[in-house]
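Fold and contact review
Given next are the chains, with one letter for each unit.
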Amino acid sequence: MRQLLVINPNTSASVSALLQHHVQAAAGSHVAVRTATARFGAPYIACEASYAVAAHAALDAWAHDLAQPQGRQQPPDAVLIGCFGDPGLMALRESSPVPVTGLAEASFIESARHGRFAIVTGGERWGPMLQRLAQALGHAHGLAGIHTVAPTGAQLAADPDAARALLAQACRDVVRQMGVQAVILGGAGLAGMAAAVQPQVGVPVIDSVVAGATWALRVHPVPPERRVAGFDVVWSGVSADMGALAAAA
């Protein structure tokens, strides 16, 4: 059975439970999904500072998962960063012997198949952060715009009924104003909401969590750089799990 490791760079256990449920449903019964939660950082990433810390937390959660005794769990066949912003994506991809993707990267790839796309997400500070990520991942040309609603993803997840109404209107607005062919509903806390708002929107609405699960389990055209997990430098002041991977590099 294939193994998919989902890393939640937030410290929120409720977000991890949401990711576990929706990623497993999307992956199917032939894949074993397990979710690792960040051991430090913010309950929900919503600004540049929490995003920067989350990249370290994602690496630490990955190293901690790999450090578990053999036999307790199988090593993953792929890794999915369960945050729409993909903190630590490039560093983890460089260090991992298996394919790594994130919710945002997978959603960009999926939505670009339909044409130009827009993003709807929670948290006002995410706009420039996602614009920068799209540029770094080579998808800026396909991204028509980003619409952020005031509540964060965590706040939206806490009130699903109100969230669905707010997000459906936001999706309709970006289709009308930007003329896009697809809309990404981005955020771990928004998992499952795309299906609920789809009947009210005239173009495909991409669930970032479903897109992440689907893309993570495909055969990637670019093989990992490594045969074994490891870092290229020796760390100081990090967790023992990260330190062990650095020493093994």
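Our structure is the block above this text.
Summary of the structure given here.

Cut-offs applied
- Residues numbered from 1 in each chain as written.
- Predicted model: local features only at pLDDT ≥ 70, side-chain atom pairs only at ≥ 80, totals over all residues.
- Heavy atoms only, no water.
- Core = buried A, V, L, I, M, F, W, Y, C linked by side-chain atoms within 4.5 Å.
- Buried < 20%, exposed > 50% of the residue type's maximum accessible area, 1.4 Å probe, protein only.
- Contact = heavy atoms within 4.5 Å.
- Axes fitted to C-alpha atoms, helices over the stretch in contact; angles between N-to-C directions.
- Helix = DSSP H or I, 4+ residues; strand = E, 2+ residues; numbered from the N terminus.
- Parallel < 35°, antiparallel > 145°, perpendicular 65-115°, else oblique.
- Nonpolar A, V, L, I, M, F, W, Y, C, P; charged D, E, K, R; others polar.
- Pairing = 2+ DSSP bridges.

This part covers the nonpolar core. Ranked by internal contacts, the top residues of the largest apolar core, which has 59 residues, are Leu4, Trp62 and Phe108. Tryptophan 62 has contacts with Leu5, Ile7, Val79, Leu92, Ser95, Ser96, Pro97, Ala229, Gly230, Phe231 and Leu245, leaving out every residue within four places of it along the chain. In terms of nonpolar packing, the next biggest core, distinct from the first, is built from 20 residues, Leu156, Val174, Leu185 and Val197 among them.

Packing of helix α4 (residues 103-112) against helix α9 (residues 208-216) leaves a shortest axis separation of 8 Å and a crossing angle of 90°. Taken together, the axes of α4 and α9 are roughly perpendicular relative to one another. In this structure, α4 contributes Leu103, Ala106, Ser107, Ile109 and Glu110 to the contact, and α9 contributes Ser208, Val209, Ala211, Gly212 and Trp215. Here the contact of α4 with α9 is composed, by residue class, of 6 nonpolar, 3 polar and 1 charged.

Below, the discussion takes up the sheet that holds strand β7 (residues 182-186). The 4 strands are arranged β6-β5-β7-β8 in an open sheet whose pairing can be described as parallel. Each of the sheet's edge strands pairs with one partner strand only, and the pair in question is β6 (143-149) and β8 (205-207). For this sheet the average axis-to-axis angle between neighbouring strands, irrespective of direction, equals 25°. As paired strands, strand β5 (residues 117-122) and β7 are joined by 5 bridges and run parallel to one another. Bridged to alanine 118 within β7 is valine 183. Against the sheet, helix α5 (residues 126-136) makes contact with β5 and β6, and its axis sits at roughly 155° relative to β6, the strand it touches most. Those strands touched by α9 are β7 and β8, and its axis lies near 65° from that of β8.

Hydrogen bonds between backbone groups are what pair the strands of a sheet, and the pairing can be parallel or antiparallel. Spatially, β2-β1-β3-β4 is the arrangement adopted by the 4 strands of the open sheet, whose pairing is parallel. Only two strands of the sheet have a single partner each, and these edge strands are β2 (31-37) and β4 (100-102). With strand direction ignored, the average angle separating the axes of adjacent strands in the sheet is 25°. Looking at chain direction, strand β1 (residues 2-8) and strand β3 (residues 78-81) are connected through 4 bridges and run parallel. Across the sheet, the residue bridging to leucine 5 is valine 79, located in β3. On the sheet, α4 packs against β3 and β4 and is oriented at approximately 80° with respect to β4. Lying on the sheet, α9 is in contact with β1, β3 and β4; it crosses β3 at an angle near 160°.

Scope: geometric values only; no functional claims are made or implied.
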